[in-house]
Amino acid sequence: MQSSHSSPWPETEPPAMTPVAEHEDIRDVIRRLLDRHSTIESSRLAARSESGYSPELWSLLVEEMNVAALTVPEDRGGLGYGMVELGIVLEECGRALVCEPVLTSATLGVHALLSAERSPRVDELLDRVVRGELVATVTALSAQTDFVDATRVGDRWSLSGRVTNVVQGGAADVVVLLAHADDGPGLYAVDLRTAPVRRTELPVVDPSRRQANLLFDDADAVRLVGPGDAPRVVESLRSLGVIGLACEHVGLIDRLLDSTREYTMQRRQFGRSIGSFQAVKHRLANTLVELEKARSAARYAAAVFAEDPGAAALPAAVAGAVCTEAVIATAMEAVQLHGGVGFTWEHATHSYVRRALGDEPLLGDSRAHRGRVADLVGL
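Residues numbered from 1 in each chain as written. Predicted model: local features only at pLDDT ≥ 70, side-chain atom pairs only at ≥ 80, totals over all residues. Heavy atoms only, no water.

A look at the overall build of the chain
The criterion, for reference: Elements are defined by DSSP. Helices are runs of H or I of four residues or more, strands are runs of E of two residues or more, and each kind is numbered from the N terminus. Just to be clear, the radius of gyration here is over C-alpha atoms, and the globule rule we use is 2.2 Å times residues to the power 0.38. We call a residue buried when its accessible area falls under 20% of the maximum for its residue type, exposed when it is over 50%, and partly exposed in between, using a 1.4 Å probe and counting protein chains only. Methods summary: accessible areas were calculated by the Shrake-Rupley approach with a probe of 1.4 Å, and residue burial reflects only the protein chains presented. Under the convention used here, Asp and Glu are negative, Lys and Arg are positive, and both His and the chain ends fall outside the count. Lys charges are placed at NZ, Arg charges at CZ, Asp charges at CG and Glu charges at CD.
Tallying secondary structure elements over the chain gives 11 helices and 9 strands in all. In terms of overall size, the chain behaves like a compact globule, its C-alpha atoms giving a radius of gyration of 21 Å where 379 residues would be expected to give roughly 21 Å. By its C-alpha atoms, the chain is 80 × 55 × 35 Å across when sized along the principal axes. Here the chain holds 379 residues, and 52% of them are scored as buried. Accessible surface for the chain amounts to roughly 17400 Å². Of this, 52% is attributable to carbon and sulfur atoms. Counting 38 positive and 52 negative side-chain charges, the chain places the centres of these two groups 7 Å from one another.

Here it is, written out as structure tokens:
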């Protein structure tokens with residue numbers, strides 16, 4: 001029986017997702033930069049700093065790699081690329097376990113500001129975020145996290161209320177959130193450097209991705225999107241967030257598989273490497289399958305988003321479900337195959353496990369994403 005619902009899949013296929021030379025060049029450059037400047041030790045040290053990331057590495061990413069300008073149109077001072085290219089950067093950032101705000105500011109913050117109607121204040125915020133002078137973050141934009149009222153006071157907007165579990169909310173300069181005014185919900189940007197805001201850092205599983213609650217009291221804000229366009233833009237930002245996390249998870253899985261394979265080839269038992277045992281080979285092969293599933297789902301979703309963000313809801317939900325399950329399964333397998341050392345806090349695998357588990361509730365676990373898939377296909 002055919003459903004009466006229109007297909008949630010894009011009507012046309014996105015461009016071919018086979019590797020092209022330019023994409024591999026992007027990957028090589030960003031990997032070399034991160035190999036030099038982002039070790040597990042430096043990442044852990046940066047996560048414990050006041051900002052929760054390394055300003056020096058962030059400057060390199062913004063100035064040398066132009067990560068914040070990557071998807072900005074050329075007529076607005078950017079490079080004019082799309083989510084496919086940014087997805088490559090996010091994969092490598094996940095692989096290196098960076099704690100710099102590539103997902104929150106260079107991806108979600110930039111896209112939120114690009115979605116706004118142009119004005120001098122919006123253009124100034126976008127320009128400074130793209131240059132890395134300001135770090136932006138975006139809330140989960142849901143009824144479970146954003147409890148803010150917006151009031152028009154003369155020629156300005158005033159926000160009062162609270163938002164919860166804001167990634168990098170403790171150190172961000174600008175936050176984009178969902179608030180409710182008399183005419184309906186809209187998206188607003190608040191300059192946290194000058195706004196009356198109380199920040200409360202939260203205990204988190206993953207210290208490299210810190211979160212905070214923000215409490216506002218008559219905070220000056222810029223309305224980015226009004227009630228008419230808010231549902232569409234919120235949907236687009238949510239899809240982008242899920243795809244961005246999925247791309248990062250592909251990088252995590254890739255790194256964990258590499259490190260686990262290397263360890264099993266070095267660790268010897270009964271006069272031979274444990275990687276030569278059939279049972280271990282099968283477990284590594286299963287992890288490779290998880291990697292390829294996750295990579296296919298994430299890259300397809302990124303390609304669809306690049307062509308038409310409005311058609312990306314279903315591919316994003318599929319990528320969210322597949323990649324969340326795959327990264328957690330891979331992290332657990334990596335701990336097991338590393339043996340006793342894999343259970344220690346000092347080992348690098350421990351930090352990857354924390355990232356995988358800490359990411360799970362940010363934008364929905366695999367069950368929530370599968371429920372979203374069911375809703376979108378009319379089940």
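A look at the nonpolar core
As a rule of thumb, nonpolar side chains are buried together in soluble globular proteins. Let me state the cut-off plainly: The set of buried Ala, Val, Leu, Ile, Met, Phe, Trp, Tyr and Cys residues whose side-chain atoms join them within 4.5 Å is what this entry labels a nonpolar core. Contacts are residue-level and defined by heavy atoms, with any inter-residue pair within 4.5 Å sufficient.
Counting 98 residues, the largest nonpolar core has Leu34, Trp58, Leu61, Val89, Leu187, Leu224 and Ile243 as its most contacted members. The element contributing the most residues to this core is helix H7 (residues 230–266), with 15 residues. Sequence-distant contacts of leucine 34, defined by excluding residues within four places in its chain, comprise Leu57, Leu61, Glu92, Cys93, Ala96 and Val98. With 19 residues, the next largest nonpolar core counts Val148, Leu159, Val163 and Ala179 among its residues.

Quick notes on the pairing of strand S2 (residues 146–153)
Note the following rule: When DSSP locates at least two bridges between a pair of strands, those strands are taken to pair.
Summarising the sheet, S2 and strand S3 (residues 156–167) pair through 8 bridges and their orientation is antiparallel. Paired with phenylalanine 147 across the bridge in S3 is arginine 162. Hairpin connection from S2 to S3: 2 residues lie between these consecutive antiparallel strands, with glycine 154 at a positive phi of about 65°.

Quick word on the UniProt feature "domain: Acyl-CoA dehydrogenase/oxidase N-terminal" (unreviewed entry) in the chain
Selection criterion: UniProt positions are given in the numbering used here, feature names are shortened, and annotations may be inferred rather than shown by experiment.
According to UniProt, the "domain: Acyl-CoA dehydrogenase/oxidase N-terminal" (unreviewed entry) feature falls on residues 21–110. Annotated as residues 21–110, this span is 63% helix and 0% strand, and its ends, taken at the C-alpha atoms, are 26 Å apart.

Some words on the environment of valine 153
Take valine 153: it is sitting in strand S2. Taking the C-alpha atoms as reference points, valine 153 and aspartate 220, separated by 67 residues in sequence, lie 9.7 Å from one another.

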